[in-house]
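# Descriptive analysis of the structure
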Amino acid sequence: MIAMQYSFTLPADYDMGIIEKRIADNGYRTDGFAGLIFKTYLYARRNGLQTGSAENIYAPFYLWQDVSDMNRFISGAGFQGVAGAFGWPQIRVYPVLTAHVSGSVAEAVYAKREITDIAPFSDLAPFSEQTVSDRLIDVTAWDTTNWKKIHFTAGRNPLTGGGQHYRIGHISLSGAVKAV
């Protein structure tokens, strides 16, 4: 599995209602996309009560079954439309260590992404054993170029702790994928 995220930081006075409407109008377009385990349409409002974000952000997070399906998406019309509207983003791609996706994943409303350093010469084995099973989504991945651990979780209620917090506007699922 491959995790993928790109992010757009929007101006402080940007009307985030535009992002919410865009998600509501277009989110369904990736429903059933082959090889997509899930796509969470994430956004955070600057100084929003539930996210506490310092910036206005639109930052979809994906979990792909394999690289070929991810590449098909990136080279397709859907991604080109996003890039045309918001600019050419840096796409971060991470090998997945663990993934738990509940059968109730569609009920997730809030998400959090934490990025932490992995100290040089660390024992890496425990990273593949960490999941929080009470979350609707719990993905642990790593960035081996910069030695970072990426932990993405989602649930029905606002999540606590550090990291970037988001609201979920829509979750696309592949029709062929069951809970993992």
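Quick note: structure is the one above.
In this text, all values refer to a predicted model and were calculated from it rather than measured experimentally.

## Side note on the pairing of strand S1 (residues 2-5)
Of the two faces of S1, the one lined by Ile2 and Met4 and the one lined by Ala3 and Gln5 are each fully buried. Bridge analysis of S1 against strand S6 (residues 92-101) gives four bridges, and the strand direction is antiparallel. Paired with Ala3 across the strands is Tyr94, a residue of S6.

## Section: the side chain of Ser174
Within the fold, Ser174 resides in the segment after strand S10 (164-173). The exposure class of Ser174 is buried, given its relative accessible area of 7%. The contacts of Ser174, once residues within four sequence positions are left out, are Gly32, Phe33, Gly35, Leu36 and Ile37.

## Thoughts on the pattern of salt bridges
Taken as a whole and assessed by the stated rule, the structure comprises six salt bridges. Notably, a salt bridge pairs Glu20 with Arg45, separated by 2.5 Å at the nearest N-O pair. Remark: Arg45 occurs in the loop between strand S3 (36-44) and strand S4 (56-58) and Glu20 occurs in helix H1 (residues 17-26); sequence separation between them is 25 residues. Since its relative accessible area comes to 29%, Glu20 is described here as partly exposed. Arg45 sits in the partly exposed class, given a relative accessible area of 35%. Notably, a salt bridge pairs Asp25 with Lys21, separated by 2.6 Å at the nearest N-O pair. Pair noted here: Asp25 and Lys21 are both in helix H1, with a separation of four residues, about one helical turn. The exposure class assigned to Asp25 is partly exposed, which follows from its relative accessible area of 38%.

## Side note on the environment of Trp64
Within the secondary structure, Trp64 is located in strand S5 (residues 61-64). Distance from Trp64 to Gln90, taken between C-alpha atoms, is 17 Å for residues 26 residues apart in sequence. Leave out the neighbours within four places in its chain, and Trp64 touches Met1, Ile2, Met4, Phe33, Ala34, Gly35, Leu36, Ile37, Asp69, Met70 and Phe73.

## Some details on the packing of aromatic side chains
Aromatic ring pairs: the centre-centre distance and the angle between the two ring planes describe each pair. Using the criterion set out here, one finds 17 aromatic pairs in the structure. Ring centres of Tyr6 and Phe79 lie 5.5 Å apart, and the angle between their planes is 75°; this geometry places the pair in the edge-to-face category. Here Tyr6 is found in the loop between S1 and strand S2 (8-10), whereas its partner Phe79 is found in helix H3 (residues 77-86), with 73 residues between them in sequence. Taking the centre distance of 5.8 Å and the plane angle of 45° together, the rings of Tyr58 and Phe86 count as tilted. Here the residue Tyr58 occupies a position in strand S4, and Phe86 occupies one in helix H3, the gap between them amounting to 28 residues. Here the aromatic cluster, defined as three or more aromatic residues joined through ring pairs, consists of Tyr6, Phe8, Phe33, Tyr58, Tyr62, Trp64, Phe73, Phe79, Phe86 and Trp88.

About the thresholds
Residues numbered from 1 in each chain as written. Predicted model: local features only at pLDDT ≥ 70, side-chain atom pairs only at ≥ 80, totals over all residues. Heavy atoms only, no water. Buried < 20%, exposed > 50% of the residue type's maximum accessible area, 1.4 Å probe, protein only. Helix = DSSP H or I, 4+ residues; strand = E, 2+ residues; numbered from the N terminus. Pairing = 2+ DSSP bridges. Contact = heavy atoms within 4.5 Å. Salt bridge = Lys/Arg side-chain N within 4 Å of Asp/Glu carboxyl O. Phe/Tyr/Trp six-rings, centres within 6.5 Å; stacked < 30°, edge-to-face > 60°.

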